[in-house]
Amino acid sequence: MRSGREKAVMNEVIYSVSELNLMIKSLLEGDRTFTNIQIQGEISNFKRYSSGHCYFTLKDAGGVLKAVMFRNQARSLRFEPQNGDTVVAIGRVGVYERDGVYQLYTDLLLPLGAGDLMLAYEELKKKLTEEGLFDSERKRELPLNPKTVGMITSPSGAAVRDMITVARRRNRGIKLLLFPVKVQGDGSAAEIVRAIRFMNKHRLADVLIVGRGGGSIEELWAFNEEPVVRAIAASEIPVVSAVGHETDFTLSDFAADRRAATPSQAAELVVADADSYLRYVEELTARGERVLVHQLEQAQHKLQRLQGSWALAKPERWLEPLQQRTDMAMRQLQGRMESILQKRQHKFGLLAARLDALSPLTVLARGYSITKTDSGRALRSIADVRWGEELRTQVADGDVISVVQQVERREKQ
């Protein structure tokens, strides 16, 4: 017999440790509250392994939280975290099933104070995105071969030297126009906006590079300021944003027509490589020469074939078929004309016979005559003549002249 306690256990679902950890993981990671969360705390037990992964603990006066930052995310670190640093960690909370513990999977780690900047960054990004300021449809192509490149950056930083070096190497004839500005600190955003507007107002360049070298989020913040972002988006001159290093992203990058990972890459994007153009022209020239030589050879071979053809040797043979067709056509035409002529002659004969039958001469030949008065009027009635009047009677072979001696009326039958 089983005890009541055993029966109660049998009626309940029993989970394994792994199943329970998986359930907790699904519940925790399925809650959107924990998918993009910012945690402030003090770093302890920080260790970066040779794999590039970073493991550490965040703590405050009331508790601790395990955290991990994998290699791909750790590459974006702009400072080396130290134990005791107060930071803001941004990421998602998940469960490590093997140990049955939850931890923070960190995407971004910032020194204290940078968290507020990131919040402002995300809010402004969302606002400008909804306005369509970052839409790809409004971005323009860069000019293929600009004559003047405008550089809006610090005159003393490494960025401007890198851009000049790359641009001169690619094309010694390119004109570079520097508009010096502050790229960090108070007033830097206003200077950048003024430079962009001035270059546009006076159309001083065919393309603009706006940027600076790398730095912390605070040092790059001028390029996240709303006036700067809007000035870049409103520029009539195409703009390349070149702020920081490859892993740095600012709102200026989204507003510009093109983003360059570095200032050096920006110079490569906008300055055409003169040597590569020359090589391309030489290649096209050589290709054109080959095509022309081939066409000439083909034409020469064709000419040789034509010179040996019977058509050129005896050109009159081209005319023989035409002459034969012409003769046949003439014979056919002549036959038609003769047929038409015979028909018309026959018709003419019929008409002539009909006309002859109606001729008064034919009537006279049958013994009839025509008598006319001296005035030439045909005599139709005895009432038309007087006694002694001279009459002219026409017969088949001549005229008879007579004088009226007597008129007798014939009684009607």
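Everything in this summary refers to the structure shown in the same document. The structure presented is a predicted model; accordingly, all values stated were derived computationally and were not measured.

With that settled, the discussion passes to the overall build of the chain. Counting its secondary structure elements, the chain contains 13 helices and 13 strands. Over its C-alpha trace the chain gives a radius of gyration of 58 Å, far above what one expects of a compact globule, namely 22 Å for 413 residues. Considering only C-alpha atoms, the chain reaches an extent of 175 × 85 × 60 Å along its principal axes. Counting all 413 residues of the chain, 31% fall into the buried class. Restricting the contact set of the chain to residue pairs at least 6 apart, pairs at least 24 apart contribute 59%. With the model as given, the accessible surface of the chain reaches about 28,000 Å², and the carbon-plus-sulfur share is 53%. A distance of 7 Å separates the average location of the 59 positive side-chain charges in the chain from that of its 53 negative side-chain charges.

Read from one edge of the open sheet, five strands run β7-β6-β8-β9-β10, paired in parallel fashion. Pairing within the sheet leaves two strands with one partner each, and these edge strands are β7 (175–180) and β10 (258–259). Note that strand β6 (residues 148–153) and β7 share six bridges and pair parallel. From the neighbouring strand, Ile152 faces β7, where its bridge partner is Phe179. Most of the contacts of helix α5 (residues 158–170) go to β6, to which it runs at about 165°, and overall it touches β6, β7 and β8 (207–212).

Right, let's talk about the packing of α5 against helix α9 (residues 263–270) for a bit. At a minimum axis distance of 8 Å, the contact between α5 and α9 shows a crossing angle of 30°. It follows that α5 is roughly parallel to α9 by the angle criterion. For the pair α5 and α9, the sense of crossing is right-handed. Taken together, the residues of α9 that come into contact with α5 (itself represented by Ala159, Asp162, Met163, Val166, Ala167, Arg169 and Arg170) are Pro263, Ser264, Ala267 and Glu268. Across the contact of α5 with α9, the residue classes break down as six nonpolar, one polar and four charged.

Our next topic: the packing of aromatic side chains. The final tally for this structure, using the stated rule, is six aromatic pairs. Both rings, one in Phe46 and one in Phe56, keep their centres 5.9 Å apart while their planes meet at 35°; by these two values the pair is tilted. Of this pair, Phe46 sits in strand β1 (residues 37–48) while Phe56 sits in strand β2 (residues 54–60), placing them 10 residues apart in sequence. Looking at Phe46, the relative accessible area reads 16%, which means it is buried. Classification of Phe56 by relative accessible area gives buried; the value is 3%. Arranged with centres 5.6 Å apart and planes meeting at 80°, the rings of Tyr49 and Tyr55 form a pair that is edge-to-face. The exposure class of Tyr55 is partly exposed, given its relative accessible area of 34%.

It is possible for side chains of opposite charge to pair when their charged atoms get near one another. This model, assessed by the stated rule, comprises 10 salt bridges. Close ionic contact of Arg287 with Glu283 constitutes a salt bridge, the shortest N to O distance being 2.9 Å. Of this pair, Arg287 and Glu283 both sit in helix α10 (residues 274–307), four residues apart, which is roughly one turn of that helix. Here Arg287 falls in the partly exposed class, since its relative accessible area comes to 39%. Across the pair Arg392 and Asp399 runs a salt bridge whose closest N-O atoms are separated by 3.5 Å. Within the structure, one salt-bridge network assembled from shared partners comprises Lys127, Glu131, Glu226 and Arg230.

Within the element layout of this structure, Asp253 appears in helix α8 (residues 251–255). The class for Asp253 is buried, based on a relative accessible area of 6%. Polar contacts involving the side chain of Asp253 include one to the main-chain amide nitrogen of Thr250, which spans 2.8 Å.

The next subject is the sheet that holds strand β3 (residues 63–69). The mixed closed barrel is built from five strands, whose spatial order is β1-β2-β3-β5-β4. Averaged over all pairs of adjacent strands, the angle between strand axes in this sheet comes to 55°, irrespective of strand direction. Bridge count between strand β4 (residues 86–96) and strand β5 (residues 101–111): 10 bridges; the pairing is antiparallel. Across the sheet, Gly94 pairs through a bridge with Gln103, a residue of β5.

Thresholds applied
Residues numbered from 1 in each chain as written. Predicted model: local features only at pLDDT ≥ 70, side-chain atom pairs only at ≥ 80, totals over all residues. Heavy atoms only, no water. Helix = DSSP H or I, 4+ residues; strand = E, 2+ residues; numbered from the N terminus. Rg over C-alpha atoms; globule rule 2.2 N^0.38 Å. Buried < 20%, exposed > 50% of the residue type's maximum accessible area, 1.4 Å probe, protein only. Contact = heavy atoms within 4.5 Å. Areas by Shrake-Rupley, 256 points an atom, 1.4 Å probe, with all protein chains shown as cover. Lys, Arg positive; Asp, Glu negative; His and termini not counted. Charge placed at Lys NZ, Arg CZ, Asp CG, Glu CD. Pairing = 2+ DSSP bridges. Axes fitted to C-alpha atoms, helices over the stretch in contact; angles between N-to-C directions. Parallel < 35°, antiparallel > 145°, perpendicular 65-115°, else oblique. Left-handed = near helix turned anticlockwise from the far one by under 90°. Nonpolar A, V, L, I, M, F, W, Y, C, P; charged D, E, K, R; others polar. Phe/Tyr/Trp six-rings, centres within 6.5 Å; stacked < 30°, edge-to-face > 60°. Salt bridge = Lys/Arg side-chain N within 4 Å of Asp/Glu carboxyl O. Polar contact = N/O pair within 3.5 Å; in protein donor to acceptor, adjacent residues only side chain to side chain.

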